[in-house]
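The lines below spell out each chain.
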Amino acid sequence: MRERVREILAREQAGGEVEVRGWLRTARHAKGRSFLEVSDGSCFAGLQAVVEPEIANFEAVRGLRNGCAVVVAGELVASPGGEQRFELQATRVEIVGEVGDDYALQKKRHSFEFLREIAHLRPRTNTIGAVLRVRNAASRAIHDFFQERGFLYLHSPVITASDAEGAGELFRVTTLDPGDPPRDASGAVDHGEDFFGRQAFLTVSGQLEAEIAALALTDVYTFGPTFRAENSHTSRHLAEFWMVEPEMAFCELDGDVEVAEAFLKAVIGAVLEACPDDMAFFEKRIAPGVIETLEHVVETPFERLTYSEAVEILQRSGRDFEFPVEWGVDLQSEHERYLAEEHIGRPVVVTDYPAAIKAFYMYLNDDERTVRAMDVLVPKVGEIIGGSQREHRLDVLTRRIQAAGLDLAEYWWYLDLRRHGSVPHAGFGLGFERLVQFVTGVANIREAIPFPRVPGYADF
Ligand code: ATP
Ligand code: MN
């Protein structure tokens, strides 16, 4: 009989013997009895156990502190306090793991910066525990959403030889000795001698591989880790993050936008339903108003703007932006947030960006100036989804690869797909941690992932 606190607290009524295993969130030793709050991480709340002197090892129990690991058995009784429905009248307390005097997680409030330095302990905190449960619920909702719509889960590779966008923010994968690499006749490092016989990298996106699969299996999605060696010390960028990338054949930009909107609504709705206690905590302690914002996202249609319309709105806003706006510039976080947060007050889908600021694979509109790209912008976070209809016309794609200064030979297979059975197709990428950040309201994306990797930091 191994029951979790979550199941115990969800019981219809008190009564019966139960046993819980976990860590003490708090230990309060009052006169003549002790109150132990046992958390096993299965839900936000712990189960309070009341320990009285009749317990054989009562003296040892008196020495327990928060962080200790215990097994507590006893009778489930109605809680007189009212904060919880049930508590445990302990009949046995087994002390499994004590804590030392130098236990870093004290009962006081710690800063998120400090907690990152003790990432081995921070899942025991209210905030990170709740974040991890939200991540879990959101992951499940993502699979549910796509599976219910007949999408196939594709495992895209982590190691790749292609730089998906020519963006150059790649981590190299090599087994060459950095101190003494083999060199070719010209003195350059000879990657022919390297593990893969060529240069290889950690993937920045599974999109190109998802396109391969979509052009055979119609609707697919990836959900896996991606890596970007961008040296950005922002609250929205990680060097390693998880990306969700659906790709759909026989689909154009409008269909792409529809799926993106339905997807965000479904996942956010599912988290609100699966994690009410965690969300109540975020609402109270981390981001007041977050629940209403999310409910609003689920209930109201997203706004749609073209990039050109967005630029006009920003120019007319009278705002003194750090980066001035004119047609042709990429939208910065401050612009994205103005649009989603202040101008519209809910998620906005911006479409048809200038070709010059977007990747070569995006479908070129007839005006030859814009591409069928779409970004979904949300309050606080800014860009949460980036997607596009892909260029499926061989002649246009060839021209665009050349214009981007990329090597046609590197993309031989990508072009080959446009020669054989090419169809309009579209997809998008959602940064999973950006979604978690939006849902939980944590200010920094480093709190949205259990083990953040950022410039200068990859501990644990
Ligand atoms: P940004 O302009 O915010 O850097 P991007 O244009 O580089 O984003 P894409 O290449 O379109 O982003 O990637 C798809 C999605 O992946 C983004 O919409 C975002 O949610 C997420 N994302 C991109 N870079 C990061 C990162 N470094 N850390 C976390 N999530 C990211
Ligand atoms: Mn980026």
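Residues numbered from 1 in each chain as written. Chains lettered and ligands numbered in written order. Predicted model: local features only at pLDDT ≥ 70, side-chain atom pairs only at ≥ 80, totals over all residues. Heavy atoms only, no water.

### As for the site of ligand 1
Now for step 1: Taken together, 16 residues sit near ligand 1, with Arg228, Glu230, His237, Glu383 and Ile384 positioned nearest.
Now for step 2: Interatomic distance of 2.8 Å between a side-chain N/O atom of Arg228 and an oxygen atom of ligand 1.
Now for step 3: A distance of 3.1 Å separates an oxygen atom of ligand 1 from a polar backbone atom of Gly431.
Now for step 4: The protein chains hide 83% of the 580 Å² of surface that ligand 1 would expose on its own.
Now for step 5: For the shell around ligand 1, the secondary-structure elements that each account for two or more residues are β11 (240-249), β15 (382-389) and β16 (425-431).
Now for step 6: Ranked by residues supplied to the shell around ligand 1, first place goes to β15 with 4 residues.
Now for step 7: For the shell around ligand 1, the class distribution of residues is 6 nonpolar, 4 polar and 6 charged. (Near = heavy atom within 4 Å. Polar contact = N/O pair within 3.5 Å; in protein donor to acceptor, adjacent residues only side chain to side chain. Areas by Shrake-Rupley, 256 points an atom, 1.4 Å probe, with all protein chains shown as cover. Helix = DSSP H or I, 4+ residues; strand = E, 2+ residues; numbered from the N terminus. Nonpolar A, V, L, I, M, F, W, Y, C, P; charged D, E, K, R; others polar.)

### Thoughts on the packing of helix α4 (residues 126-148) against helix α7 (residues 276-286)
The geometry of a pair of packed helices is captured by two quantities: the angle between their axes and the separation between those axes.
Now for step 1: Contact geometry for α4 and α7: axes closest at 10 Å, N-to-C directions at 135°. Judged by the inter-axis angle, α4 sits oblique to α7. Helix-helix and strand crossings are classified by hand; for α4 and α7 the assignment is left-handed. Of the residues in α7, those touching α4 at Asn126, Thr127, Ala130, Val131, Arg133 and Val134 are Asp278, Met279, Phe281, Phe282 and Ile286. (Axes fitted to C-alpha atoms, helices over the stretch in contact; angles between N-to-C directions. Parallel < 35°, antiparallel > 145°, perpendicular 65-115°, else oblique. Left-handed = near helix turned anticlockwise from the far one by under 90°. Contact = heavy atoms within 4.5 Å.)

### Quick word on the sheet that holds strand β13 (residues 348-354)
Now for step 1: On the basis of which strands lie adjacent, the open sheet formed by 8 strands has the order β6-β10-β11-β16-β15-β14-β13-β12 and mixed pairing. Looking at the sheet topology across the chains shown, the edges are occupied by β6 (152-153) and β12 (303-306).
Now for step 2: By the bridge criterion, 4 bridges tie β12 to β13 in an arrangement that is parallel. Among the inter-strand pairings, Arg304 is bridged to a residue of β13, identified as Val349. (Pairing = 2+ DSSP bridges.)

### Quick word on the packing of helix α8 (residues 290-299) against helix α13 (residues 432-440)
Now for step 1: Two elements in contact, α8 and α13, have axes whose closest approach is 8 Å; the angle formed by their N-to-C orientations is 120°. As far as their axial angle goes, α13 and α8 are oblique. In this structure, α8 uses Val290, Thr293, Leu294 and Val297 to contact α13, whose residues at the interface are Phe438, Val439 and Thr440.
Now for step 2: Split into classes, the residues belonging to the contact of α8 with α13 amount to 5 nonpolar, 2 polar and no charged.

### Considerations on the side chain of Arg418
Now for step 1: Locating Arg418 in the fold gives a position in helix α12 (residues 412-419).
Now for step 2: Under the relative-accessibility criterion, Arg418 is labelled buried at 6%.
Now for step 3: Of the polar contacts made by the side chain of Arg418, one reaches the side chain of Glu211; its length is 2.7 Å.
Now for step 4: Within the structure, Arg418 has its side chain in polar contact with the backbone oxygen of Tyr414 (distance 3.1 Å).
Now for step 5: Look past the residues within four positions of Arg418 in its chain and what remains in contact with it is Glu211, Arg390, Glu391, His392, Arg393, Leu394, Leu397 and His425. (Buried < 20%, exposed > 50% of the residue type's maximum accessible area, 1.4 Å probe, protein only.)

### Topic: the pairing of strand β4 (residues 69-78)
Now for step 1: Judged by how many residues are buried, β4 sits mostly within the fold: 7 of 10 residues are covered.
Now for step 2: Sheet topology places strand β1 (residues 17-30) next to β4; 7 bridges connect them, and they run antiparallel. When the sheet's bridge partners are listed, Val20 is paired in β4 with Val72.
Now for step 3: Looking at chain direction, β4 and strand β5 (residues 86-97) are connected through 10 bridges and run antiparallel. When the bridges of β5 are listed, Ala69 appears paired with Gly97.

### So, the nonpolar core
Now for step 1: In this structure, Phe263, Met279, Met374, Val376, Ile384, Ile385 and Leu435 are the most contacted members of the largest nonpolar core, which totals 58 residues.
Now for step 2: Those residues in contact with Ile385 that lie beyond four places of it in its chain are Ala260, Phe263, Leu264, Met374, Asp375, Val376, Phe428, Gly429 and Leu430. (Core = buried A, V, L, I, M, F, W, Y, C linked by side-chain atoms within 4.5 Å.)

### Some words on the sheet that holds strand β9 (residues 200-202)
Two orientations exist for strands paired in a sheet by backbone hydrogen bonds: parallel and antiparallel.
Now for step 1: The 3 strands are arranged β7-β9-β8 in an open sheet whose pairing can be described as antiparallel. Pairing within the sheet leaves two strands with one partner each, and these edge strands are β7 (159-160) and β8 (172-173).
Now for step 2: When β8 meets β9, the two strands line up antiparallel, connected through 2 bridges. Each bridged residue has a counterpart across the sheet, and for Arg172 the counterpart in β9 is Phe201.

### Structural notes on a nonpolar patch on the surface
Now for step 1: Taken together, the side chains of Val158, Ile159, Phe195 and Phe196 define a hydrophobic patch exposed on the protein surface, amounting to about 380 Å² of accessible area.
Now for step 2: Mapped onto the fold, Phe195 is located in the loop between β8 and β9.
Now for step 3: Classification of Phe195 as exposed rests on a relative accessible area of 60%. (Patch = residues over 30% accessible without salt bridge, like charges linked within 9 Å, V, L, I, M, F, W, Y side chains within 5 Å. Salt bridge = Lys/Arg side-chain N within 4 Å of Asp/Glu carboxyl O.)

### Some remarks on unusual backbone geometry
Now for step 1: Residue Thr218 is not a glycine yet carries a positive backbone phi of 75°.
Now for step 2: As for its placement among the helices and strands, Thr218 is situated in the loop between α5 (207-217) and β10 (219-227).
Now for step 3: Residue Thr218 is classed as partly exposed on the basis of its relative accessible area, which comes to 35%.
Now for step 4: Even without being glycine, Phe250 reaches a positive phi, approximately 55°.
Now for step 5: Looking at the secondary structure, you find Phe250 in the loop between β11 and α6 (253-274).

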